[in-house]
Amino acid sequence: MTRDRFERALFRVLRPLVIAFLTVITAFPFFYMVMLSVRDIQELILDPGSLWPRSFTLSTYADVLGRQGFVTFMSNSAIVAVASVAVTLLISIPGAYAVARLRFFGRRQVHFLFLAVYLFPAIVLAIPLFVLFTMLGLRGSLPGLILVYIAQTVPVTVYMLRNYFETVPQSVEEASAIDGCGRMETIWRVVLPLSKPALMATGLYAFMIAWNEFLFALLFLVERRESWTVSLGLSQLAGSIEIPTTVLMAGSVVLTLPIVVVFFASERLLTEGLTAGAEKG
Amino acid sequence: MTIAGGVRRLTRGGRTLEQQEARAGLLLISPTLLITLVVVVAPLLWAVMLAFQDARLINIRRTGLFGNYTLENFTYVISEPGFWSALVNTLVYTTAGTALSIAIGLVAALALRAAFKGRTLVRASILVPYVAPVVAVAFLWEVMLNPQFGIVNTWLSEPIAFLTQARGSFLGLQVPVALLTVIAFEAWRYFPFAFLFILARLQALPGELEEAAVVDGATPTQRFRYVIMPQLWRVVALLAVLRFVFTFTKFDDVYLLTGGGAGTEVVSVRVYNFLTARDDIGASAAQAIVLAVVLVVFLAVYLRFFAGGERDQRSL
């Protein structure tokens, strides 16, 4: 057997094995999470090795959403995430357009500044913001947290949108200018509709950051239980011994599900949007 | 360039179109700049000032621009027991986590390169550890690795306290159990990031080179080594920089998994503890700045010796 034939045969066997292995290590934990969330804690203690519960229960979800207050945490997270997405887009659209299309003094420096902010460690920033928020009495307030998330995401969203705006054909914009549109009107009526996939991607990114973030939520909100986000709520309750693990697993599902749904929904839209060209006809 | 971009002509208020464009540009960028300056740049400068002052939450109003600047915080945090081991932990955790996540991401991208039935589903499932909230996945690992009822321990002949045991023996060797577990978590959570980048690059590669290599009789491993990998170095270098930077200062993963116990304390967790448990803002800031400076030094050395990485970073 030649080396070539041997290698081809080897990879024909290896490739499915690798794919199966990757699928198992990524999907199995989440399957386990869901399975644990619908079984009774007694059953888990008695038979920890079983993967399929003997009886299913949804009381864990009722407990976590009701008694543990996850409904409140969910709505806090939703407020924070939606507000962050809205303001981030509002701020980064004009910014990205300026960097993509207009020549102004300091454009290069702005680009460098954003790269630096993107790579900048959050833990360094956490200290002065913690002190500032304590001094201003803003600790425990959601708007303060939203402000931090916006600042964390804006540099990246400007970068993402800029790349896309640069692909919008200049001719389309010039045509709208000839038709009498001002700059703002051109952005609103021409550039944005053409950039829907990019706007979706940016919005998703900002949503993910705001929904998943933990450090700043921990620093700013920990003393006020009614302001907890889902991430913070789960991490705080996981430490207490009175709450059964199965109930907390239900909390994990509740925390993970929205982001996974949003991710899959927009992933499809994204690819569809990207394949539709702008200047075809 | 807009339609009249090059035309210099006097218009409203005696400004040229070029000047108008510059004004509009600054106006449109100002909200972005403002929030970056107020919430990132200004606090950063303040953090540097705090690091050189005796700042605690009680006396914070007395520290100011013209406070007493001293190097005490720095000498204190560096001489404090645990700092150097935390720095070593950080370095080991970051290097191993970065290397592993890129290696697995590369293998995954190569395996999923060609189309097969169900690829979309597999690809989506691979990305879930990366998009899922860190609190949920850290807690999930904690439960799976739990010595009493965790699923992983029911498969083993004797239970291992993965997250609370600093040292254990494996095949007669002493191994840092908790640190290795935390590294495995890092690799598991971030290999999808590397996978996405590498797969995108792979799909953009021109097919002719590989076809030519096949015609020349190159075996699959030869094609990988001489045709594919040379074209992937740039993206791998970029990934190495990005993952190194993000992991070096990462807080949540280690904090949530072990709380910094069992020989896994990294500098960012120490920074957090100095800030909240000891209320020592100055020392906390000093420690964070030492961390950032070490990071910058590593980056500078890396970029100096791997010039390819520098080009990639500029194109980011």
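Residues numbered from 1 in each chain as written. Chains lettered and ligands numbered in written order. Predicted model: local features only at pLDDT ≥ 70, side-chain atom pairs only at ≥ 80, totals over all residues. Heavy atoms only, no water.

**Some remarks on the UniProt feature "domain: ABC transmembrane type-1" (unreviewed entry) in chain A**
Our working definition: UniProt positions are given in the numbering used here, feature names are shortened, and annotations may be inferred rather than shown by experiment. By the criteria applied, helices consist of DSSP H or I runs no shorter than four residues and strands consist of E runs no shorter than two, each listed in order from the N terminus.
The positions UniProt marks with the feature "domain: ABC transmembrane type-1" (unreviewed entry) are residues 74–266 of chain A. The distance separating the terminal C-alpha atoms of residues 74–266 of chain A is 21 Å; by composition the span is 82% helix and 0% strand.

**Structural notes on the side chain of B:Arg223**
As a reminder, the rule being used: We call a residue buried when its accessible area falls under 20% of the maximum for its residue type, exposed when it is over 50%, and partly exposed in between, using a 1.4 Å probe and counting protein chains only. None of His or the chain ends enter the tally, which takes Lys and Arg as positive and Asp and Glu as negative. By definition, a salt bridge exists where a carboxyl oxygen of Asp or Glu is found within 4 Å of a side-chain nitrogen of Lys or Arg.
Its place among the elements puts B:Arg223 in helix H9 (residues 220–248). The charged side chain of B:Arg223 is buried without a salt bridge, its nearest counter-charge being B:Glu210 at 4.6 Å.

**Overview of the UniProt feature "domain: ABC transmembrane type-1" (unreviewed entry) in chain B**
In the numbering used here, UniProt assigns the "domain: ABC transmembrane type-1" (unreviewed entry) feature to residues 87–302 of chain B. Secondary structure content for residues 87–302 of chain B is 73% helix and 3% strand, while the C-alpha to C-alpha distance between its ends is 18 Å.

**Structural notes on the domain arrangement of chain A**
Note on interface size: it is often stated as the accessible area lost on association of the parts. All names here are of chain A. Selection rule: How far each domain reaches was decided by an automatic or database domain assignment. Residue contacts follow a heavy-atom distance rule, with two residues in contact if any of their heavy atoms lie within 4.5 Å. Here the quantity called buried area is the accessible surface, traced with a 1.4 Å probe, that two parts lose on coming together, added over both. Polar contact criterion, stated in full: a pair of N or O atoms within 3.5 Å, where within protein one must be able to donate a hydrogen and the other to accept it, and residues adjacent in sequence count only if both atoms are side-chain atoms. Residue polarity follows a fixed list, in which Ala, Val, Leu, Ile, Met, Phe, Trp, Tyr, Cys and Pro are nonpolar, Asp, Glu, Lys and Arg are charged, and the others, Gly among them, are polar.
Per the domain assignment, the segments making up chain A are domain 1 (3–37) and domain 2 (69–271). Between the C-alpha centres of domain 1 and domain 2 there is a distance of 34 Å. Each partner contributes to the interface: domain 1 provides five residues, whereas domain 2 provides six residues. Summing both sides of the interface, domain 1 and domain 2 together bury roughly 480 Å²; the carbon and sulfur share of this comes to 85%. In terms of surface lost to domain 2, no three residues of domain 1 exceed Met33, Leu36 and Ser37, which account for 85% of the buried area on that side. Summed over the shared surface of domain 1 and domain 2, the result is zero salt bridges. Our count for the contact surface shared by domain 1 and domain 2 stands at zero residue pairs in polar contact (both at pLDDT 80 or more). A class-by-class count of the residues in the side of domain 1 that touches domain 2 yields four nonpolar, one polar and no charged.

**Digging into the UniProt feature "transmembrane region" (unreviewed entry) in chain B**
All names here are of chain B. Feature annotation in UniProt places "transmembrane region" (unreviewed entry) on residues 25–52, 91–112, 124–141, 177–199, 232–249 and 285–307, given in this structure's numbering. Spanning residues 25–52, this segment combines 96% helix with 0% strand, and its end C-alpha atoms are found 38 Å apart. As annotated, residues 91–112 has a helix share of 95% and a strand share of 0%, and its two end C-alpha atoms lie 31 Å apart.

**Focus: the packing of aromatic side chains**
Applicable threshold: Only rings of Phe, Tyr and Trp enter the pairing, Trp through its six-membered ring, and a pair is recorded when the two centres are within 6.5 Å. The plane angle decides the type: under 30 degrees is stacked, over 60 is edge-to-face, the rest tilted.
Applying the stated criterion across every chain, the model contains 29 aromatic pairs over all chains. Measuring from ring centre to ring centre gives 5.6 Å for A:Phe73 and A:Trp228, while their planes differ by 45°; the resulting arrangement is tilted. Taken together, the residues A:Phe73 in helix H4 (residues 70–101) and A:Trp228 in the loop between helix H11 (215–221) and helix H12 (230–238) connect sequence positions 155 residues apart. As far as burial versus exposure is concerned, A:Phe73 and A:Trp228 are alike and both buried. Aromatic pair A:Tyr97 and A:Phe165: ring centres 6.4 Å apart, planes at 65°, arrangement edge-to-face. Taken as a pair, A:Tyr97 in helix H4 and A:Phe165 in helix H7 (residues 142–167) lie far apart in primary sequence, 68 residues in all. Of the two residues, A:Tyr97 and A:Phe165, both sit in the buried class. One aromatic cluster in this structure is built from A:Phe28, A:Phe31, A:Tyr32 and B:Trp155.

**Let's talk about the nonpolar core**
Grouped burial of nonpolar side chains is what soluble globular proteins tend to show. Basically, it comes down to this: Definition used in this section: a nonpolar core is a set of buried Ala, Val, Leu, Ile, Met, Phe, Trp, Tyr and Cys residues joined via side-chain atoms within 4.5 Å.
The biggest cluster of nonpolar side chains holds 181 residues, and the ones touching the most others in it are A:Phe165, A:Phe216, A:Phe220 and B:Ile198. Among the domains, domain 1 (3–37) and domain 2 (69–271) of chain A are the pair contributing at least three residues each to this core. For A:Phe220, the residues in contact, after removing those within four places along its chain, are A:Leu129, A:Phe130, A:Phe133, A:Arg139, A:Gly140, A:Leu145 and A:Val148.

**Here we look at unusual backbone geometry**
All names here are of chain B. A positive phi angle is found at Ala262, which is not glycine, with a value near 55°. Within the secondary structure, Ala262 sits in the loop between helix H10 (252–257) and helix H11 (267–276). In the Ramachandran plot, Asp279 falls in the positive-phi region, its phi being about 55° despite a non-glycine side chain.

**A closer look at the environment of A:Ile91**
Looking at the element boundaries, A:Ile91 is found in helix H4. Considering only alpha carbons, one finds A:Ile91 and A:Ile150, 59 residues apart in sequence, at a separation of 9.0 Å. Not counting residues within four places of it along the chain, the set of residues in contact with A:Ile91 comprises A:Ile150, A:Val154, B:Pro31, B:Thr32 and B:Ile35.

**Some remarks on the packing of H4(A) against H7(A)**
Residues and elements named next belong to chain A. Formally: Axes here refer to lines fitted to C-alpha atoms; in helices the fit is confined to the stretch in contact. Angles between the N-to-C directions go from 0 to 180 degrees. An angle below 35 degrees is read as roughly parallel, one above 145 as roughly antiparallel, one from 65 to 115 as roughly perpendicular, and any other as oblique. Note on convention: near helix rotated counterclockwise from far helix by under a right angle means a left-handed crossing. Clockwise means right-handed.
H7 packs onto H4 with a crossing angle of 40° between their chain directions and a minimal axis gap of 6 Å. As judged from the angle between their axes, H4 and H7 are oblique. Considering only the axes of H4 and H7, their crossing is right-handed. Across the contact of H4 with H7, the residue classes tally to 19 nonpolar, seven polar and three charged.

**A look at the packing of helix H1 (residues 17–51) of chain B against helix H12 (residues 281–305) of chain B**
Residue and element names in this part refer to chain B. Across the interface, H1 lies against H12 with an axial gap of 7 Å and an inter-helix angle of 115°. When the axes of H1 and H12 are compared, the pair comes out roughly perpendicular. Note that H1 runs across H12; the crossing there is left-handed. Residues Ala47, Val48, Leu50 and Ala51 of H1 form the contact with H12, whose own contacting residues are Ile281, Gly282, Ala285, Ala286 and Ile289. Residues that form the contact of H1 with H12 fall into these classes: eight nonpolar, one polar and no charged.

**Description of the interface of chain A and chain B**
If you look at the interface, chain A gives 92 residues, while chain B gives 91 residues. Across the chain A/chain B interface, buried area totals approximately 8,000 Å², and carbon plus sulfur atoms make up 79% of it. The largest contributions to the chain A side of the interface with chain B come from A:Arg103, A:Ile123 and A:Ile127, which together make up 8% of the buried area. Viewed at the interface, chain B and chain A are joined by one salt bridge. The residue A:Arg103 makes a salt bridge to B:Glu21 at a minimum N-O spacing of 3.2 Å. Inspection of the region where chain A meets chain B yields twelve residue pairs in polar contact (both at pLDDT 80 or more). Residue contributions to the side of chain A that touches chain B peak at 19 residues, all from helix H1 (residues 3–37) of chain A. Taken together, the residues that form the side of chain A that touches chain B break down as 68 nonpolar, 13 polar and eleven charged.

**Some details on the confidence of the model for chain A**
The condition is simple: Each residue gets a pLDDT score, which is the predictor's confidence in that residue and runs from 0 to 100.
Of all residues in chain A, 95% attain a pLDDT of 70 or more, and the chain-wide mean is 85. Note that pLDDT drops below 50 for residues 271–281 of chain A; the model gives that stretch nine contacts with residues more than four away or on any other chain.

**Notes on the pattern of salt bridges**
Residues and elements named next belong to chain A. The final tally for this structure, using the stated rule, is 16 salt bridges over all chains. The residue Arg39 makes a salt bridge to Glu43 at a minimum N-O spacing of 3.2 Å. With a relative accessible area of 2%, Arg39 lands in the buried category. We classify Glu43 as buried; its relative accessible area is 10%. Between Arg67 and Asp63 there is a salt bridge, with the nearest N and O atoms lying 3.3 Å from each other.

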